[in-house]
Amino acid sequence: MSPGTVSPLAGVRALTFDIFGTAVDWRASVTEELILRAHRKASSGSPLPERLQSLQEGDWARFAQEWRNAYLHFVKTFDPHRDEWKSVDEHHRDSLTELLAAWGLAGLYTDSEIQSLSLVWHRLSPWPDAAPALSRLKASGRLRLATLSNANTDLIRDVVDFAGLEFDELFCAETFRAYKPRPETYLGAAGQLRLAPGQVAMVACHLKDLRAARDCGLRTIYVERPDEEEWDKNGEEFRGAVQWVDLWIDEREGGFDGMAERLLHVVE
């Protein structure tokens, strides 16, 4: 930005945050839980599926990614005008059951154990920079902070509480009965905040999320996180995004810390 140029974020009054991947490290948390549960089962002395004996830590990381991919497909294909409402918690339980069967692990866990394991998504560790930077932004008194996640209400409350993240408002898919990237979510959040879309900036580590927010008139802040971006970093879409993202924080700039440092210099 050249001297004298007004930042497109200067008039922003609120930030809405994607949570899974952007504020919390779902991959490490879920993989660790899967490994721990499998280890306990293997040590229990009970009859177990033969497949369990061959699985290593890297396999459970792949399992976690497939579980996440199933969620991404679910929210992408869900149509609130066609489909009966289904929460992410419900989806996580159903997709876990399906994945265990597909991996030759049917019968490994009881129904109650599957229910408990599916709730690992309520217990995700934050990225180290997330909580301190959110506290700093909140203490500044210059911006309202809100979640804008595809989680259901109970899930987002537990994630925020477990990770120690400070927000003024908790918005999620269940609030609007629609999943991102549908416009009802972004425009719904701006409406709930009683702000024009251009006074709200969406913070995410997924450019697809930010593109949809931008199409609804919101400002955009990209915070790169390891292994989170779906777009090919050598592709035209990714390279072109540099031209329309309002604030770009790459992995070397400290995540939310870098965002807070730069943002507080431009918001009025």
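Looking at an unreviewed UniProt entry, one finds the protein named Haloacid dehalogenase, type II, with Moelleriella libera RCEF 2490 as its source organism. Turning to the protein, the UniProt record has this under Sequence similarities (unreviewed entry): "Belongs to the HAD-like hydrolase superfamily. S-2-haloalkanoic acid dehalogenase family."

Chemist: Help me understand the overall build of the protein in this model?
Modeler: Each helix and strand in the protein was counted, giving 11 helices and six strands. Taking 268 residues into account, the globule formula puts the C-alpha radius of gyration at 18 Å, and the protein, at 20 Å, falls close to it. The principal-axis extents of the C-alpha atoms in the protein amount to approximately 70 × 40 × 40 Å. When the 268 residues of the protein are sorted by exposure, 51% land in the buried category. Sequence separation of 24 or more characterises 69% of the internal contacts of the protein that already satisfy a separation of 6 or more. Working note: accessible area of the protein is about 12600 Å², and carbon and sulfur atoms make up 47% of it. Separation of charge centres in the protein, based on 31 positive and 43 negative side chains, amounts to 3 Å.

Chemist: Explain the environment of L55 here, please?
Modeler: Mapped onto the secondary structure, L55 falls in the loop between α1 (26–42) and α2 (57–77). Judged by its relative accessible area of 10%, L55 is buried. Spatially, the C-alpha atoms of L55 and A38 are 9.2 Å apart, while their sequence positions differ by 17 residues. Contact partners of L55, with chain neighbours within four places excluded, come to W60, W103 and L105.

Chemist: Hey, could you run me through the nonpolar core in this one?
Modeler: Ranked by internal contacts, the top residues of the largest apolar core, which has 66 residues, are L15, F17, L165, I221, F256 and M259. Element by element, the count of residues in this core is highest for α2, at seven residues. Discounting residues that sit within four places of it in the chain, M259 has contacts with F17, L137, V203, I221, V223, L247 and I249. By size, the runner-up hydrophobic cluster in this structure holds 26 residues, among which are L193, A213, W231 and W244.

Chemist: What's the story with the side chain of R68 in this structure? I'm lost.
Modeler: With respect to the helices, strands and loops of the structure, R68 is situated in helix α2. Here R68 is buried and forms no salt bridge, its nearest opposite-charge partner E228 lying at an N-O distance of 4.5 Å. Here R68 is in contact with F20, W26, W121, H206 and E228, once residues within four sequence places are set aside.

Chemist: What exactly am I supposed to notice about the domain arrangement of the protein here?
Modeler: Put simply, an interface is often sized by how much accessible area is lost when its parts join up. Here the protein is partitioned into domain 1 (14–25 + 125–266) and domain 2 (26–122). Between domain 1 and domain 2, the contact holds 26 residues from the first and 20 residues from the second. Across the domain 1 to domain 2 interface the summed buried area is about 1900 Å²; carbon plus sulfur atoms make up 52%. Looking at the side of domain 1 facing domain 2, the largest losses of area belong to D25, R177 and Y179, adding up to 34% of the total buried there. Counting across the domain 1 and domain 2 interface gives one salt bridge. Taken together, the connections running from domain 1 to domain 2 amount to 14 residue pairs in polar contact (both at pLDDT 80 or more). Going through the elements one at a time, α6 (153–163) and α7 (173–176) are the ones with two or more residues in the side of domain 1 that touches domain 2. Of the residues forming the side of domain 1 that touches domain 2, the biggest block, five residues, is contributed by α6.

Chemist: Hey, could you run me through the pairing of strand β1 (residues 14–17) in this one?
Modeler: On a regular strand, each side chain points to the face opposite its neighbour's, so the side chains alternate between the two faces of the sheet. Residue alternation in β1 divides its side chains into two sets, A14 and T16 and L15 and F17, and both sets are buried. Where β1 and strand β2 (residues 144–149) come together, four bridges link them in parallel fashion. Paired with F17 across the two strands is T147, which belongs to β2.

Chemist: Would you take a moment to explain the layout of surface pockets for this structure?
Modeler: Here the idea is plain: a probe the size of a water molecule rolls over the atoms and shows the empty space left. If you add up the space inside the largest pocket, you get close to 400 Å³. Lining the largest pocket are 23 residues, and of these R68, L72, H206, K208 and E230 lie nearest its centre. Mapped by element, the contributors of at least two residues to the lining of the largest pocket are α1, α2 and α9 (207–215). Per-element tally for the lining of the largest pocket: the top contributor is α2, with seven residues. The class makeup of the residues in the lining of the largest pocket is seven nonpolar, five polar and 11 charged. Summarising the domain contributions, the lining of the largest pocket has at least three residues from each of domain 1 (14–25 + 125–266) and domain 2 (26–122).

So, how was this worked out
- Residue positions are given per chain, counted from 1 along the sequence in the order it is written.
- At least 70 in pLDDT is required for a residue's local features to be given in this predicted model, at least 80 for side-chain atom pairs to be given and counted, and no such filter applies to totals for whole chains, interfaces and linings, which use all residues.
- Where side-chain values are given, they derive from all heavy atoms of the structure, hydrogens and water being excluded.
- UniProt positions are given in the numbering used here, feature names are shortened, and annotations may be inferred rather than shown by experiment.
- The helix and strand labels rest on DSSP assignments: H or I over at least four residues marks a helix, E over at least two residues marks a strand, and numbering proceeds from the N terminus.
- Our radius of gyration looks at C-alpha atoms and nothing else; its globule reference is 2.2 Å times the residue count to the power 0.38.
- Only protein chains enter the calculation, and the probe is 1.4 Å; a residue is then buried if its accessible area is under 20% of its type maximum, exposed if over 50%, and partly exposed in between.
- Here a residue-residue contact requires only that any non-hydrogen atoms of the pair lie within 4.5 Å.
- The Shrake-Rupley method, run with a 1.4 Å probe, gives the accessible areas here. Residue values count only the displayed protein chains as cover.
- When charges are counted, Lys and Arg are positive and Asp and Glu negative, with His and the chain ends excluded.
- One atom stands in for each charge, and that atom is NZ of Lys, CZ of Arg, CG of Asp or CD of Glu.
- Take the buried residues of types Ala, Val, Leu, Ile, Met, Phe, Trp, Tyr and Cys, join any two whose side-chain atoms come within 4.5 Å, and each joined set is a nonpolar core.
- Here, a salt bridge means any side-chain nitrogen of Lys or Arg that lies within 4 Å of a carboxyl oxygen of Asp or Glu.
- Domain start and end points were adopted from an automatic or database domain assignment.
- Buried area is calculated as the accessible area (1.4 Å probe) missing from two parts once they are joined, with the contributions of both summed.
- Under the rule applied, a polar contact is a pair of N or O atoms within 3.5 Å (in protein, one hydrogen donor and one hydrogen acceptor; residues adjacent in sequence only if both atoms are side-chain atoms).
- We call two strands paired when DSSP finds no fewer than two bridges between them.
- The pocket and cavity definitions rest on a 1 Å grid over protein atoms only: a 1.4 Å probe that fits but cannot leave marks a cavity, an open set with protein on both sides within 12 Å along at least five of seven lines marks a pocket, and residues lining either have an atom within 4 Å of a point.
- Grid points are joined across faces, edges and corners, and a volume is the space filled by probe spheres set on the points.
- Side-chain classes follow a simple rule in which Ala, Val, Leu, Ile, Met, Phe, Trp, Tyr, Cys and Pro form the nonpolar group, Asp, Glu, Lys and Arg form the charged group, and the remainder, Gly included, forms the polar group.

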